[in-house]
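# Tertiary structure, described
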Amino acid sequence: MSAPFSSTDPIAIAIMGSGGAGAITAGGLLLEAAGRAGWQGLMTRSVGPQIRGGEALAMVRLATAPISAHGDRFDLLLALDWENAERFVGEVPLDANSLIIADPAAGEPPAALRASGAPLLPLPLAQLAKGVPEGRANIVALGVLARWLALPLEPLETVVVRALARKGGSAAHLGQALAVGYDAAAGCNGFRRPLPPVLDAGARWLLTGNEAAALGALRGGIRFAAIYPITPATDLAEWLTPRLQQVGGQLIQAEDEIAALNMALGASYGGVPALTATSGPGLALMTETLGLAVAAEIPVVVVNVMRGGPSTGIPTKSEQSDLNIALYGLHGDAPHLVLAPTSVSDCLFTTQWAVQLAETLQCPAIVLSDQFLGQSQAVCEPPPADSAAPARVTAPVSSERYDRYALTASGVSPMAIPGRPGQQYTADGLEHNPHGTPSSGAADHQAQLDKRRDKLLRHDYGAAWAEVEGEGEIAVLTWGSAAGPVREAAARAQAQGLAVKAIAVRLLAPAQPARLATLLVGVQRVLVVEQSHSQQFLGYLRAHYLLPTDIRILNQPGPLPIRPAAVLAQLSQWK
Amino acid sequence: MNSMSKPEILHFSHAAKDYKSDVKPIWCPGCGHFGVQAALFRALAQLNLPPEQVAVVSGIGCSSRLPAYTECYGFHGIHGRALPLATGLKLARPELTVIVASGDGDALSIGGNHFLHACRRDVDLTCIVMDNAVYGMTKGQPSPTTAPDWHSKIAPGGPGFNPLQPLAVALAAGASFIARGFSGDPNGIVHLLIEAIRHPGFALVQVLSPCVTYRPEEKAWKQQVHAAGVEPTADPVEAARRLFADDGLSTGIFYQRQPSPPTAPLRPASRDLTAIEAAFAL
């Protein structure tokens with residue numbers, strides 16, 4: 001029987017262990033070492049809600065090409081122990097071609113894992129670790145994985161020493177632990193799933209989507225942030241705080257999400273571009289203030305890192321179910337921007353673009369990231385160098401009467417910044433006339449509603465509104481993190497001779513029906529892919545776009561990711 | 001020059017009328033808020049603050065209509081959220097003078113959480129709570145400062161709950177300047193507002209401001225209000241004693257201490273983004 005995999009297929013590895021065993025640490029170090037050796041890759045962590053302890057799972061996927069999704073299966077599961085492993089069985093699909101490596105001292109693997117038919121390779125990781133001073137089983141395991149992947153030990157040793165030496169580990173002992181694992185695996189017959197060498201790897205970055213979004217915010221000019229802690233958005237704030245201070249800005253922890261957005265709005269009214277980050281429950285609290293930002297025409301950015309909902313839901317796991325509240329959660333007719341990054345690294349571009357659009361169009365922008373994008377760590381090509389952000393249109397000092405909400409051709413009216421003489425105005429959530437004076441008159445309401453709508457509709461968003469790959473009479477329409485498996489499935493379909501056009505919508509609001517119509521010329525069939533139970537994205541598409549009649553929908557709630565094979569299976573039914 | 005001294009007023013170039021906009025207030029004739037408005041303009045003029053350097057921030061309610069009636073920068077936000085709005089503005093633009101115009105419902109009911117934390121943060125804001133112990137804009141419901149037996153349509157016979165004591169709450173929560181005035185005593189409020197604006201931390205000024213429409217009995221405050229006759233104390237224990245012994249109708253500055261240092265002072269940029277981004281390179 002020939003090898004079931006091409007040597008260029010991505011390789012998926014799961015490392016499991018109880019909290020404190022170092023599974024997540026090992027996964028991160030493996031990803032970083034592989035990145036230094038020229039590969040690209042992605043690591044997602046899956047943890048329970050426990051603060052300490054519980055079970056932790058690192059899912060690492062490595063390849064020679066960019067990776068933006070989980071695969072269909074795992075090639076290897078390395079278990080440091082089996083405590084609470086049942087919780088993760090659904091997240092680690094194994095088959096007869098997979099391999100389980102586990103310490104026999106930890107007992108038998110759960111029956112559900114054995115049922116996959118994956119062979120078990122027992123390795124006494126804990127015992128091997130005991131033979132090394134300060135030895136830890138997770139570092140020994142990394143040595144085992146290096147042998148299996150044919151990953152040179154040198155980059156691995158570099159990252160392990162750099163990461164752990166500051167915790168007191170001796171470089172010599174860490175290297176020894178890696179070598180013990182490497183040697184122990186040497187005796188295993190046929191124990192190889194080598195990564196193909198990357199000859200001309202360029203520069204690589206390693207970052208999470210939350211870090212990428214925060215950096216995009218800084219690049220876009222954000223200098224003030226106010227945030228209330230919420231999983232899975234908190235680490236965005238924690239990364240941002242010292243960096244904002246380094247560039248002369250500040251981050252304040254608010255007393256709740258309502259305060260957070262109002263603080264950001266106050267700063268932005270003062271002329272300082274501002275942001276908040278949250279997740280579903282926080283976004284729900286912010287919706288009234290978002291309406292104020294719309295009415296008062298003040299730029300502000302909300303990065304919403306989605307998790308399973310409704311209510312407290314599944315705080316540590318991903319889902320695309322805040323689409324409806326982001327699009328429609330505001331009361332009144334309240335045009336605003338909603339954008340969604342299409343990969344971990346795209347969190348940078350999309351957030352930066354959101355800041356620029358919010359500043360240019362003087363309205364709130366919601367960035368819909370999710371737990372998968374935000375907390376996955378990716379090796380990627382460095383983003384293009386920063387480009388100058390378009391500045392907010394501010395009012396020049398003049399002797400003429402200043403009308404804050406003047407009706408202009410673009411719909412955008414120059415904004416006065418407190419401190420400038422002669423342009424004092426009151427920003428108001430009350431409907432107002434062009435000068436800014438409160439008004440309940442029908443004509444003023446109509447004119448200001450038109451203005452706030454038209455400034456968004458008249459703006460030219462360019463090709464960045466969607467990410468398009470491939471050509472074909474079948475199109476897959478998707479958004480956000482679901483773009484990852486769609487991208488991979490479309491490439492596989494192309495390889496099988498099925499022409500597919502993958503379209504990931506980056507700018508969700510305002511909708512771009514003319515642009516999508518152009519993309520759908522010649523498309524006969526559409527597959528919609530999303531991670532929500534109630535088909536929120538399909539509902540959005542039907543409300544705002546003309547679609548072919550032949551439509552399929554692949555939707556599932558979190559926490560399990562949509563896998564490329566599921567997308568491919570839908571496409572194949574049209575073959 | 002002693003850097004600790006307060007800036008001297010070299011010349012008066014602003015008059016109270018310079019702070020008044022041409023927008024006609026929606027307040028009822030005789031409303032106490034007119035007195036607060038006039039006193040604020042006089043205080044700003046005496047402090048010689050250019051109108052463009054002052055921002056008046058508010059939430060929702062009769063009191064919160066004030067920003068549009070000024071020639072200052074204004075922000076009329078949403079119900080209860082004036083304090084975080086003002087906090088963000090002040091932190092981002094510390095050189096501005098930021099004044100919050102609020103009422104008993106806006107500041108103490110829907111905005112109660114923000115009230116506590118604004119006191120605790122002690123950011124340099126002046127918060128004027130125009131207290132008439134009623135929701136006027138929604139036509140006469142009890143507020144957190146309403147007596148338990150005040151009859152209204154929504155609470156026949158009275159709400160039945162004890163009123164909140166805003167100044168005692170502010171003291172416990174950490175405000176560094178706590179005062180009460182009466183809208184019928186313009187000179188008194190001008191003095192309180194000048195001191196509150198000059199105070200470099202969070203300054204709470206509760207102004208008893210009668211609602212002549214829904215609480216006409218509050219017109220009697222004119223006869224009932226009296227000066228507390230105390231000098232400001234920096235001792236919170238003494239301040240607590242004063243506030244709990246108080247009848248709610250005495251005026252003056254009850255408490256003033258040095259404000260807490262800001263938790264995250266603005267620092268000049270020390271790195272550029274390229275240096276920050278370099279940390280992501282493998």
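Every value quoted in this text rests on a predicted model; they were computed, and no experiment measured them. (Residues numbered from 1 in each chain as written. Chains lettered and ligands numbered in written order. Predicted model: local features only at pLDDT ≥ 70, side-chain atom pairs only at ≥ 80, totals over all residues. Heavy atoms only, no water.)

## Brief notes about the overall build of chain B
- Helix and strand content of chain B: 9 helices and 8 strands.
- In terms of overall size, chain B behaves like a compact globule, its C-alpha atoms giving a radius of gyration of 20 Å where 282 residues would be expected to give roughly 19 Å.
- Dimensions of chain B along its principal axes, counting C-alpha atoms only, are 70 × 50 × 40 Å.
- Carbon and sulfur atoms form 59% of the exposed surface of chain B, whose accessible area is close to 12,100 Å². (Helix = DSSP H or I, 4+ residues; strand = E, 2+ residues; numbered from the N terminus. Rg over C-alpha atoms; globule rule 2.2 N^0.38 Å. Areas by Shrake-Rupley, 256 points an atom, 1.4 Å probe, with all protein chains shown as cover.)

## What to know about the pattern of salt bridges
Residue and element names in this part refer to chain A.
- Scanning all chains against the criterion turns up 37 salt bridges over all chains.
- Where Arg61 meets Glu488, a salt bridge forms, and the shortest distance between an N and an O atom there is 2.5 Å. Of this pair, Arg61 sits in strand 3 (residues 55-63) while Glu488 is found in helix 15 (residues 483-495), placing the two residues 427 residues apart along the sequence. Here Arg61 matches Glu488 in class, with each residue buried.
- With a closest N to O distance of 3.3 Å, Arg487 and Glu469 form a salt bridge. Of this pair, Arg487 sits in helix 15 while Glu469 is found in strand 16 (residues 466-469), placing the two residues 18 residues apart along the sequence.
- Overall, the relative accessible area of 36% leaves Glu469 in the partly exposed class.
- Residues joined in a network through salt bridges with shared partners are Asp346, Glu467, Glu469, Arg487 and Arg506. (Salt bridge = Lys/Arg side-chain N within 4 Å of Asp/Glu carboxyl O. Buried < 20%, exposed > 50% of the residue type's maximum accessible area, 1.4 Å probe, protein only.)

## Let's talk about the interface of chain A and chain B
- Contacts between chain A and chain B engage 58 residues on the former and 43 residues on the latter.
- With both chains or domains summed, chain A and chain B bury close to 4,400 Å², and 62% of this area falls on carbon and sulfur atoms.
- When residues of chain A are sorted by the area they lose upon contact with chain B, A:Gln246, A:Glu255 and A:Gln424 head the list and together hold 15% of the total.
- Taken together, chain A and chain B are joined by 2 salt bridges.
- Of the charged contacts, one joins A:Arg219 and B:Glu277 as a salt bridge, the two residues approaching to 2.6 Å between their closest N and O atoms.
- Where chain A touches chain B, the interface holds 23 residue pairs in polar contact (both at pLDDT 80 or more).
- Grouping the constituent residues of the side of chain A that touches chain B by class yields 29 nonpolar, 17 polar and 12 charged.
- The sheet contact formed by strand 15 (residues 426-428) of chain A and strand 2 (residues 73-76) of chain B spans 3 bridges and is parallel. Its bridge partner being in strand 2 of chain B, A:Thr426 is matched across the sheet by B:Gly74. (Contact = heavy atoms within 4.5 Å. Buried area = accessible area lost by both parts, 1.4 Å probe. Polar contact = N/O pair within 3.5 Å; in protein donor to acceptor, adjacent residues only side chain to side chain. Nonpolar A, V, L, I, M, F, W, Y, C, P; charged D, E, K, R; others polar. Pairing = 2+ DSSP bridges.)

## Examining the pairing of strand 20 (residues 525-530) of chain A
Residues and elements named next belong to chain A.
- With 5 of 6 residues buried, strand 20 is to be regarded as a mostly interior element.
- Direction of pairing for strand 17 (residues 474-479) relative to strand 20: parallel, over a ladder of 5 bridges. Among the inter-strand pairings, Ala475 is bridged to a residue of strand 20, identified as Val526.
- Pairing between strand 20 and strand 21 (residues 550-555): 6 bridges, direction parallel. Of the residues in strand 21, the one forming a bridge with Leu527 is Arg552.
- Handedness of the strand 20-helix 17 (residues 536-544)-strand 21 crossover: right-handed. (Right-handed = clockwise from strand over helix to strand, strands pointing away.)

## Considering the domain arrangement of chain A
All names here are of chain A.
- Taken domain by domain, chain A holds domain 1 (11-186), domain 2 (206-380) and domain 3 (462-572).
- Each of domain 1 and domain 2 was reduced to a C-alpha centroid, and the two centroids are 33 Å apart.
- If you look at the interface, domain 1 gives 19 residues, while domain 2 gives 14 residues.
- Overall, the association of domain 1 and domain 2 removes approximately 1,200 Å² of surface from exposure, summing both partners, and the carbon and sulfur fraction of that is 55%.
- Together, Leu31, Leu42 and Arg45 form the three largest contributors to the area buried by domain 1 at its contact with domain 2, with a combined 33%.
- Residues Arg45 and Asp235 are paired through a salt bridge, measuring 3.3 Å at the closest nitrogen-oxygen approach.
- For the side of domain 1 that touches domain 2, the secondary-structure elements that each account for two or more residues are helix 1 (23-36) and strand 2 (40-47).
- When residues in the side of domain 1 that touches domain 2 are grouped by element, the largest group, 8 residues, is from strand 2. (Domains from an automatic or database assignment.)

## Description of helix 5 (residues 166-173) of chain B
Residues and elements named next belong to chain B.
- Helix 5 sits mainly inside the fold: 6 of its 8 residues count as buried.
- Among the residues of helix 5, those classed as buried are Pro166, Leu167, Ala168, Ala170, Leu171 and Ala173.
- Looking at the residues trailing helix 5, positive phi occurs at Gly174, about 115°.

## Observations concerning the sheet that holds strand 16 of chain A
Residues and elements named next belong to chain A.
- Taken in spatial order, the 5 strands of this open sheet run 16-18-17-20-21, and their pairing is mixed. Across the chains shown, the open sheet's two edge strands, defined by having one partner strand only, are strand 16 and strand 21. Strand after strand, the sheet turns through a mean of 20° between neighbouring axes, direction not considered.
- Pairing of strand 16 with strand 18 (residues 500-505), which is carried by 4 bridges, proceeds in the antiparallel orientation. Note that in strand 18 the partner of Val468 across the bridge is Ile503.
- Contacts between helix 15 and the sheet are confined to strand 16, strand 17, strand 18 and strand 20, with strand 18 contributing the most and set at about 170° to the helix. (Axes fitted to C-alpha atoms, helices over the stretch in contact; angles between N-to-C directions.)

## Quick notes on the packing of helix 4 (residues 137-149) of chain A against helix 5 (residues 153-164) of chain A
Residues and elements named next belong to chain A.
- The contact between helix 4 and helix 5 brings their axes to 10 Å, and the two run at 160°. Put simply, helix 4 runs roughly antiparallel to helix 5. The element helix 4 and its partner helix 5 pack so that their crossing is right-handed. Across the interface between the two elements, Ile139, Leu142 and Ala146 of helix 4 pack against Leu153, Leu156, Val160 and Leu164 of helix 5.
- Per-class residue counts for the contact of helix 4 with helix 5 are 7 nonpolar, no polar and no charged. (Parallel < 35°, antiparallel > 145°, perpendicular 65-115°, else oblique. Left-handed = near helix turned anticlockwise from the far one by under 90°.)

## Quick look at the sheet that holds strand 3 of chain A
Residue and element names in this part refer to chain A.
- Strand order in the open sheet formed by 8 strands is 6-5-4-1-3-2-14-7, and the pairing between neighbours is mixed. Edge positions in the sheet fall to strand 6 (120-122) and strand 7 (205-208), since each has one partner strand and no second. Between one strand and the next, the sheet's axes are offset by a mean angle of 15°, whatever the strand orientation.
- With 8 bridges joining them, strand 2 and strand 3 adopt antiparallel strand pairing. Opposite Thr44, over in strand 3, you have Met59 as the bridge partner.

## Observations regarding the environment of A:Ala493
Residues and elements named next belong to chain A.
- With respect to the helices and strands, the residue Ala493 is situated in helix 15.
- Along the chain, Ala493 and Tyr328 lie 165 residues apart, while their C-alpha atoms are 35 Å from each other.
- Sequence-distant contacts of Ala493, defined by excluding residues within four places in its chain, comprise Leu498, Val500, Leu568 and Leu571.

## Details of unusual backbone geometry
- Of the consecutive residues A:Thr231 and A:Pro232, the connecting peptide bond is found in the cis state with omega at 0°.
- Not every positive phi belongs to a glycine, and B:Lys139 is a case in point at roughly 75°.

## Describing the side chain of A:Arg404
All names here are of chain A.
- As for its position among the elements, Arg404 is in the loop between strand 14 (377-380) and strand 15.
- Despite its burial, Arg404 remains without a salt bridge, the nearest opposite charge being carried by Glu297 at 5.1 Å.
- At 2.8 Å, the side chain of Arg404 and the backbone oxygen of Glu297 are in polar contact.
- Aside from chain neighbours lying at most four places away, what touches Arg404 is Ala296, Glu297, Gln362, Ser413, Pro414, Met415, Ala416, Tyr425, Pro434 and His435. (Lys, Arg positive; Asp, Glu negative; His and termini not counted.)

## Details of the packing of helix 1 (residues 33-46) of chain B against helix 6 (residues 186-198) of chain B
Residues and elements named next belong to chain B.
- Helix 6 packs onto helix 1 with a crossing angle of 50° between their chain directions and a minimal axis gap of 8 Å. Classified by the interaxial angle, the pair formed by helix 1 and helix 6 is oblique. Crossing handedness for the pair helix 1 and helix 6: right-handed. Together, Gly35, Ala39, Leu40, Arg42, Ala43, Leu44 and Gln46 of helix 1 and Pro186, Asn187, Ile189, Val190, Leu193, Ile194 and Ile197 of helix 6 make up the contact between the two elements.
- Tallied by class, the residues present in the contact of helix 1 with helix 6 amount to 10 nonpolar, 3 polar and 1 charged.

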